[in-house]
Amino acid sequence: MITPHASFPGTRLRRMRRDDFSRRLMRESTLTADDLIYPVFVLEGKNRVEAVASMPGVERQSLDRLLATAERACGLGIPALALFPVIDPSLKTPGAEEAWNPEGLVPRVVAALKKEFPELGVITDVALDPYTSHGQDGLIADDDPRAYVLNDETLQALAQQALAHARAGADVVAPSDMMDGRIGRIRSALDGHGLIHTRILAYSAKYASSFYGPFRDAVGSAANLGKGSKHTYQMDAGNSDEALREVALDLAEGADMVMIKPGMPYLDIVRRVKDEFRVPTYAYQVSGEYAMLRAAERNGWLDGKACILESLLAFKRAGADGILTYFALDAAAWLRG
């Protein structure tokens, strides 16, 4: 309980709100470009750009176009990009073998980015859903009528995928699959191959959310997933204590950073995780959150710039050290003024 030093009229909290200078001097949370990670969608080919209909302003880009985007991000002071591949349907299989192809799309993009922009952090998604013909994040037994995602059998595939990304030069691998034990298996694989500097950003509390729809459109996994769901491995939206258990396990297994996803509907989880563990904690302002704000802005229902910056500041106030957001380029430019 906060005990006031004096009561009204001796204490007037509005005094410090009266002028801009005093509001700035007492501001508890601030947002800068250093807090932003820009998620990007990359596809095969040259000079290719495809709009994502459900995410106005977001595009799938071929590597040559992505390099220009990366240059802009560097110029705005954004520390890192997070890569999400759009895999050709012909390469998708039940076993997701393309996920660890050393000549595959992600390793080639990682190598090119690190060559051109060595100072830019490159984060890769470690999950099988862009590569599986069924759209799930793990392997499924051929004869299982429930199509239950196999946990232990998936771990080796994830470790191979993380190794392929790290060998290509990825600074951070980010397992987003929610399989039990995957952080320990990936950490062991990386260390066993001398890749001790590769960081792991664990999607530790990833909820089975309805806010992911536009993202699945962007990477092309929605059609493969069909009417399937991910409720048997992603977290239930009603649970909070379970998130702390997930984070604790991932840290014990070797995670360097942890993620809460989605963002805005789960700011209470961000706060609990930061208070409990005091480790680098990140949140993902997901595609559904982006789409809602963009739609409201384009319809003239909200002041887009003001609401976007306010939403990002909310992540910082909740305790996030960084935010994955599709608004990163715009926000960094606005913050630069």
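Provided above is the structure to which this section pertains.
Sequence order as written defines residue numbering, which begins from 1 separately in each chain. Local features in a predicted model are, by the rule used here, given only for residues with pLDDT of at least 70; side-chain atom pairs are given and counted only at 80 or more, and totals for whole chains, interfaces and linings are based on all residues. Working from all heavy atoms in the structure, the side-chain values ignore hydrogens and water.

S.K.: Kindly report on helix α12 (residues 328-336), identifying the contributing residues and their values.
M.R.: Here's how the labels work: a residue is buried when its accessible area is under 20% of the maximum for its type, exposed when over 50%, partly exposed in between, all with a 1.4 Å probe on protein chains only. Numbering of helices and strands runs from the N terminus; a helix is a DSSP stretch of H or I covering at least four residues, while a strand is a stretch of E covering at least two. For α12, the set of buried residues is A328, L329, A331 and A332. Within α12, the buried residues cover an arc of 165° as seen down the axis, which keeps them to one side. In this structure, the buried side of α12 is in contact with β1 (36-43), α2 (63-75), α11 (304-318) and β12 (322-325). Just downstream of α12 lies G337, where phi reads positive at about 80°. Along the arc lie the directions from the helix axis toward the C-beta atoms. Note on contacts: a residue pair qualifies if any of its non-hydrogen atoms lie within 4.5 Å across the two residues.

S.K.: Lay out the packing of aromatic side chains in plain terms, naming residues and giving numbers.
M.R.: For this analysis, a ring pair means two rings from Phe, Tyr or Trp (six-membered ring only for Trp) whose centres lie within 6.5 Å, classed as stacked if their planes differ by under 30 degrees, edge-to-face if by over 60, and tilted for the remaining angles. Applying the stated criterion to the full structure yields 9 aromatic pairs. Ring geometry for F41 versus F84: centroids 6.2 Å apart, planes at 45°, classification tilted. Highlighted residues: F41 in strand β1 and F84 in strand β4 (residues 80-85), separated in sequence by 43 residues. Residue classification places F41 among the buried residues on the basis of a relative accessible area of 0%. With a relative accessible area of 2%, F84 lands in the buried category. Each member of the aromatic cluster is reached from another via a ring pair, and the members are F41, F84, F215, Y284, Y290, Y326 and F327.

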